Amino acid sequence: MLEMTREEFEELVAEALDRIPPELTRLMDNVAVFVEDEPSADDPELLGLYEGTPLTDRGEWYAGVLPDRITIYRGPTLRICETREDVVAETEVTVVHEIAHHFGIDDARLHALGYG
């Protein structure tokens, strides 16, 4: 397994977030991004997870709620990557994938776009 500290991985996630076009990041609302070492034992190979209410599903009732949560998992990412460059690319794909869920894009469409 490729070795990378939590701090190095968090920096890669931050860099992936910085590459999201500003016109999209301005539209993101009430969402926080976290890095965790491992997902739950139910899905040990999960690279990222979006939890919340997509922008497309929010209505007048949406007020005073906790932020949506995007979590990027370090362990599974490092286990499937062979080089640092692989980690950079995989992290970027995972970040885009989870942000797309925030915008209401489902897995089928993301797979079709190459972000599966």
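Below you will find a few notes about this structure. Being a predicted model, the structure only gives us computed values, none of them experimental.

### Overview of the pattern of salt bridges
Right, on to step 1. Using the criterion set out here, one finds eight salt bridges in the structure.
Right, on to step 2. Across the pair Arg6 and Asp37 runs a salt bridge whose closest N-O atoms are separated by 3.5 Å. Of this pair, Arg6 sits in helix α1 (residues 6-18) while Asp37 sits in the loop between β1 (31-36) and β2 (48-51), and the two are 31 residues apart along the sequence.
Right, on to step 3. With its nearest N and O atoms 3.0 Å apart, the salt bridge here joins Glu38 to Arg79. With Glu38 in the loop between β1 and β2 and Arg79 in helix α3 (residues 74-80), this pair connects stretches of sequence that are 41 residues apart.

### Let's talk about the nonpolar core
Right, on to step 1. In this structure, Met4, Phe9, Val13, Ile72, Val87, Val95 and Ile99 are the most contacted members of the largest nonpolar core, which totals 18 residues.
Right, on to step 2. Those elements that provide at least two residues to this core are α1, β3 (68-73) and α4 (84-102).
Right, on to step 3. Among the elements that take part in this core, α1 stands out by supplying four residues, more than any other.
Right, on to step 4. Discounting chain neighbours no more than four positions away, the residues touching Val13 are Val33, Val35, Ile72, Thr91 and Val95.

Rules of the game
- Residues numbered from 1 in each chain as written.
- Predicted model: local features only at pLDDT ≥ 70, side-chain atom pairs only at ≥ 80, totals over all residues.
- Heavy atoms only, no water.
- Salt bridge = Lys/Arg side-chain N within 4 Å of Asp/Glu carboxyl O.
- Helix = DSSP H or I, 4+ residues; strand = E, 2+ residues; numbered from the N terminus.
- Core = buried A, V, L, I, M, F, W, Y, C linked by side-chain atoms within 4.5 Å.
- Buried < 20%, exposed > 50% of the residue type's maximum accessible area, 1.4 Å probe, protein only.
- Contact = heavy atoms within 4.5 Å.

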